[in-house]
Amino acid sequence: MRFDDLATALGATISDPGRIELLEAEGVPALADWLAGQTSVGASIVFDDPRPRRGTAQAFAIAGADGRVVAGMGETAADALRREVEGRGLQLVAHEAKPILVARFAAEPDAAATKVEFDTQIAAYILNAALRSQSIADVVAERLDLVLPPPKELEPVHRAGLEALSALAVRDPLARALQEEGLERLFREIELPLIPVLARMESTGIAVDLDALAVLDREFGAEISRLEDEIYGAVGHQFTIGSPKQLGDILFEELRLPKGRRTKTGYSTDAAVLEELVGVHPVIQPVLDWRIYTKLRSTYVETLPSLIAEDGRLHTTFHQAVASTGRLSSSDPNLQNIPIRTPLGRRIRSTFVAGSPETVLVAADYSQIELRIIAHVSGDEHLKEAFAKQADIHRETAARVLHKPPGEITADERSMAKMVNFGLAYGMSDFGLSSRAGISRQEAQEFINSYFAAYSGISYYMLHIKETARRQGHVTTLLGRKRSIPELHAANAALRGAGERMAINMPIQGTAADIQKIAMIRVADRLAADGFGARLLLSVHDELLLEVPREEVDRLIPVLRETMEGALPLDVPLTVDVKAGTDWESMTPVSRRDAILAEADEAPVDALAG
DNA sequence: ACGATCACGCACGTC
DNA sequence: GACGTACGTGATCGTA
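Residues numbered from 1 in each chain as written. Chains lettered and ligands numbered in written order. Predicted model: local features only at pLDDT ≥ 70, side-chain atom pairs only at ≥ 80, totals over all residues. Heavy atoms only, no water.

Let's talk about the packing of helix H7 (residues 156-180) against helix H8 (residues 184-204)
At a minimum axis separation of 7 Å, H7 and H8 run at an interaxial angle of 110 degrees. Between H7 and H8, the angle falls in the class roughly perpendicular. Here Arg 171, Ala 175, Leu 178 and Gln 179 of H7 lie close against H8, whose contacting residues are Glu 184, Phe 187 and Arg 188. Tallied by class, residues from the contact of H7 with H8 come to three nonpolar, one polar and three charged. (Axes fitted to C-alpha atoms, helices over the stretch in contact; angles between N-to-C directions. Helix = DSSP H or I, 4+ residues; strand = E, 2+ residues; numbered from the N terminus. Parallel < 35°, antiparallel > 145°, perpendicular 65-115°, else oblique. Contact = heavy atoms within 4.5 Å. Nonpolar A, V, L, I, M, F, W, Y, C, P; charged D, E, K, R; others polar.)

What about the protein's contact with DNA strand C?
DNA strand C sits among 25 residues. The nearest are Arg 132, Ser 243, Ser 324, Ser 329 and Asp 332. Counting only the atoms of DNA strand C within 4 Å of the protein, the fraction contributed by sugar and phosphate is 75%. Within the side chain of Ser 298, a nitrogen or oxygen atom sits 3.3 Å from a sugar or linking oxygen of DNA strand C. Within the side chain of Arg 501, a nitrogen or oxygen atom sits 3.1 Å from a phosphate oxygen of DNA strand C. Put simply, the parts of the chain that give the surface near DNA strand C at least two residues each are helix H10 (244-254), helix H12 (284-301), strand S10 (329-331) and helix H22 (493-529). Of all the elements, H22 adds the most residues to the surface near DNA strand C, at four residues. Residue composition of the surface near DNA strand C, grouped by class: four nonpolar, 14 polar and seven charged. (Near = heavy atom within 4 Å. Polar contact = N/O pair within 3.5 Å; in protein donor to acceptor, adjacent residues only side chain to side chain.)

Brief notes about the pattern of salt bridges
If you walk through the whole model with that rule in mind, you get 39 salt bridges. Residue Arg 82 is joined to Glu 86 by a salt bridge in which the shortest nitrogen-to-oxygen separation is 3.0 Å. Taken as a pair, Arg 82 and Glu 86 lie in helix H3 (residues 74-87) at a separation of four residues, close to a single helical turn. In this pair, the class of Arg 82 matches that of Glu 86, namely buried. Glu 163 serves as the salt-bridge partner of Arg 159, at 2.9 Å between the closest nitrogen and oxygen. Residue Arg 159 and its partner Glu 163 are located together in helix H7, separated by four residues, close to a single helical turn. The class of Arg 159 is partly exposed, set by a relative accessible area of 31%. The class of Glu 163 is buried, set by a relative accessible area of 15%. Linked by salt bridges that have partners in common, Asp 79, Arg 82, Arg 83, Glu 86, Arg 104 and Glu 108 make up one network. (Salt bridge = Lys/Arg side-chain N within 4 Å of Asp/Glu carboxyl O. Buried < 20%, exposed > 50% of the residue type's maximum accessible area, 1.4 Å probe, protein only.)

Some words on helix H23 (residues 553-565)
Working note: α-helix, 3.6 residues per turn, so residues spaced by three or four point in the same direction. In a regular helix each residue adds 1.5 Å, so 13 residues correspond to 18 Å; H23 covers 18 Å between its end C-alpha atoms and thus fits that length. Every buried residue belonging to H23 is among Val 553, Leu 556, Ile 557, Val 559, Leu 560, Arg 561, Thr 563 and Met 564, and all of these are buried. Where H23 is buried, its residues contact strand S12 (359-366), H22, strand S16 (543-549), strand S17 (576-581) and helix H24 (592-600). (Expected span 1.5 Å × (residues − 1).)

Considerations on the environment of Thr 397
Here Thr 397 is to be found in helix H17 (residues 393-402). As for Thr 397 and Ala 417, which are separated by 20 residues in sequence, their C-alpha atoms are 6.1 Å apart. Ignoring sequence-local partners within four residues, the contact set of Thr 397 consists of Ala 417, Asn 421, Tyr 451 and Tyr 455. Here Ile 393 takes part through its backbone oxygen, which lies 2.7 Å from a polar atom of the side chain of Thr 397.

A few points about the protein's contact with DNA strand B
Near DNA strand B you find 22 residues, and of these Thr 269, Lys 295, Arg 327, Ile 340 and Arg 341 are the closest. Sugar plus phosphate, as a fraction of atoms of DNA strand B within 4 Å of the protein: 80%. Thr 269 is positioned with one of its backbone polar atoms (N or O) 2.8 Å from a phosphate oxygen of DNA strand B. The contact in question runs from a phosphate oxygen of DNA strand B to an N or O atom on the side chain of Arg 291, over 3.2 Å. With three residues, the single largest contributor to the surface near DNA strand B is H12. In terms of residue class, the surface near DNA strand B is made up of seven nonpolar, eight polar and seven charged.

Looking at the domain arrangement of chain A
When its domains are assigned, chain A resolves into domain 1 (3-204), domain 2 (210-305), domain 3 (359-368 + 513-601) and domain 4 (370-510). For domain 2 and domain 3, the distance between their C-alpha centres works out to 38 Å. (Domains from an automatic or database assignment.)

Here we look at the packing of aromatic side chains
One pass over the full model with this rule turns up seven aromatic pairs. Summarising the aromatic geometry, the rings of Phe 118 and Phe 187 are spaced 4.8 Å apart at their centres and angled 50 degrees between planes, so their arrangement reads as tilted. Residue Phe 118 is found in strand S6 (residues 116-119), and its partner Phe 187 is found in helix H8; the two are separated by 69 residues along the sequence. In this structure, Phe 118 and Phe 187 share a single accessibility class: buried. An aromatic cluster is defined as three or more aromatic residues linked by ring pairs; in this entry it consists of Tyr 451, Phe 452 and Tyr 455. The ring of Phe 105 has Arg 200 sitting right over it, with the charged end atom 3.9 Å from the ring centre. A cation sits over an aromatic face here: Arg 349 above Trp 584, 4.0 Å from the ring centre. (Phe/Tyr/Trp six-rings, centres within 6.5 Å; stacked < 30°, edge-to-face > 60°. Lys NZ or Arg CZ within 6 Å of the ring centre and 35° of its normal.)

Overview of H7
Taking 1.5 Å per residue, 25 residues should reach 36 Å; H7 reaches 35 Å between its end C-alpha atoms and fits that length. In the structure, H7 departs most strongly from a straight axis at Arg 171, where the bend amounts to approximately 40 degrees and where the proline Pro 173 lies between one and four residues downstream. Summarising burial for H7: 18 of the 25 residues are buried, a large majority. Following H7 by one or two positions, Gly 182 has its phi on the positive side, about 70 degrees. (Bend = angle between axes of the 7 residues up to and from the residue.)

Structural notes on the pairing of strand S4 (residues 69-73)
For S4, the buried fraction is high: four of the five residues fall into the buried class. In this structure, strand S1 (residues 21-23) lies alongside S4, joined through three bridges in parallel fashion. Residue pairing in the sheet places Leu 23 in a bridge with Gly 72 of S4. Where strand S3 (residues 57-63) and S4 come together, five bridges link them in antiparallel fashion. Bridging across to S4, Ala 63 finds its partner in Val 69. Two successive antiparallel strands, S3 and S4, enclose a turn made up of five residues, where Gly 67 displays a positive phi of approximately 90 degrees. (Pairing = 2+ DSSP bridges.)

A closer look at unusual backbone geometry
Working note: non-glycine residues mostly have negative phi, and peptide bonds are mostly trans. The amide bond that connects Asp 332 to the next residue, Pro 333, takes the cis arrangement and shows omega of 0 degrees. Structurally, Pro 333 can be placed in the loop between S10 and helix H14 (343-349). Even without being glycine, Asp 145 reaches a positive phi, approximately 60 degrees. A positive phi angle is found at Gln 368, which is not glycine, with a value near 55 degrees. Residue position: Gln 368 is located in the loop between S12 and helix H15 (369-378).

See below:
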């Protein structure tokens, strides 16, 4: 059975999944002649649970250039077929290759990564990052005009077989599209090499202190009970505190408190609204506190222990084809939103620990990377100068905007400048700044006006990027990553405004993501090339977290710093702040320079004092 | 009529 | 601006 092309073979297999050859482990050696004739194969693995180090493989399938598809059924056969492919040094073409690599690392922690020749999910993402999901069915429909059956309706072997063949069949159309759009290098030099790095990180996982979490669970539980009594006492009866509907009715009807914003469905009861009512009624503060404790308990304290794998570690899944700006995301659990802002939240962070007494955690984060990118892409001389002389950037901003010497800037003035600097990358509106800074929209607008007058290069850039985005229909990062923004032509003014903010934000956030990805690839390379035992654990947008044998720390830190700082030369220096510690909360700077960076780079405070 | 499941809105954790 | 998660709610589905 031979086909003119892979699309025809796929069509035939959709009509008759029975043409997928099912294999037991003993049948694998018989594939020798066929496999010897292949250099790369379409591949797909299907798990009963997709989370790394949790599920087991139910099926692994490969497809050849001749349209032949074979599938190993059950864990033993799936593993045997996967090992055969790996052992022969065949390259993978897959729609999401990462889980195949994770399966290998789980079985052989020190194995080299199987070469990924093409990942159709990531190609589809690079071509259109605006889509939230990049399913193989969508790609097959778009590129081949064929309809894949819903995965849930298929036996695991048939699903794996169809996916393996689909990946191979859409490879060439996607490769041509990447070429036409000028996205080949981004794909080949950044996204593909990142896959094994992420696979290794997922497979490694991070250690958490279960006993410490159990202590927090008891403490938080006691505090929540106490707050519930206080809330019911203040209102006079019980209700479901976690229901925004019930809470809104009680606050604004029953207790006749002054109404704040409205939502689509009723009264808003978010923290900003409740903060306004704190002195007005005794129920407000305990409700705010209850929200904080229950949020932390249900999202982290109770959930994290249930996600710990058999090796005693937490294995997140990184998503490389989700965020529209090019960032990574993380789920099950999301380890990119572990609390850090408040003392209570930091107690959760402190339960993330080095995995053994012989190791420590090392965190390296880019200092002010987005503002530095703004300085680079806008070419603003004043901002570039401030970074060149390594000034306190927020103080410098306040001084320039308010026409005062840096020495005369008050804490509030610096804090305001800090919020504007953070908001800048978001395409900040007067509305956004006023709600964050706790000032009126007019005051916010005045500060923004003064800001853009003081930094005319940035002002010009913001206008320019919006105009370019409208004209081209898309924006790009420094490395050519694209995001189309159809909202810019919306009739609705609010939607158009949102589109403009996306147009401003994506090149900045996306370029930071490009830089972080290059850094990850190069750091991983150096760890291997220089024989470090250190392992990458997490990427949190502008931070890398590693687990490092104590005796390697001094040798590793300059390597880490230089690799990250040199990832992409800009018109301003990139600087990296390195800290080390036995847990993720009490990390201490490794040099005096790191101490200064760490202090200057804290996230902005919620509200201005006074 | 009832429980399970889903989609949705809201709220909030991070960068 | 970009994400992911938990919860409550109301609609829908399936079973009895």
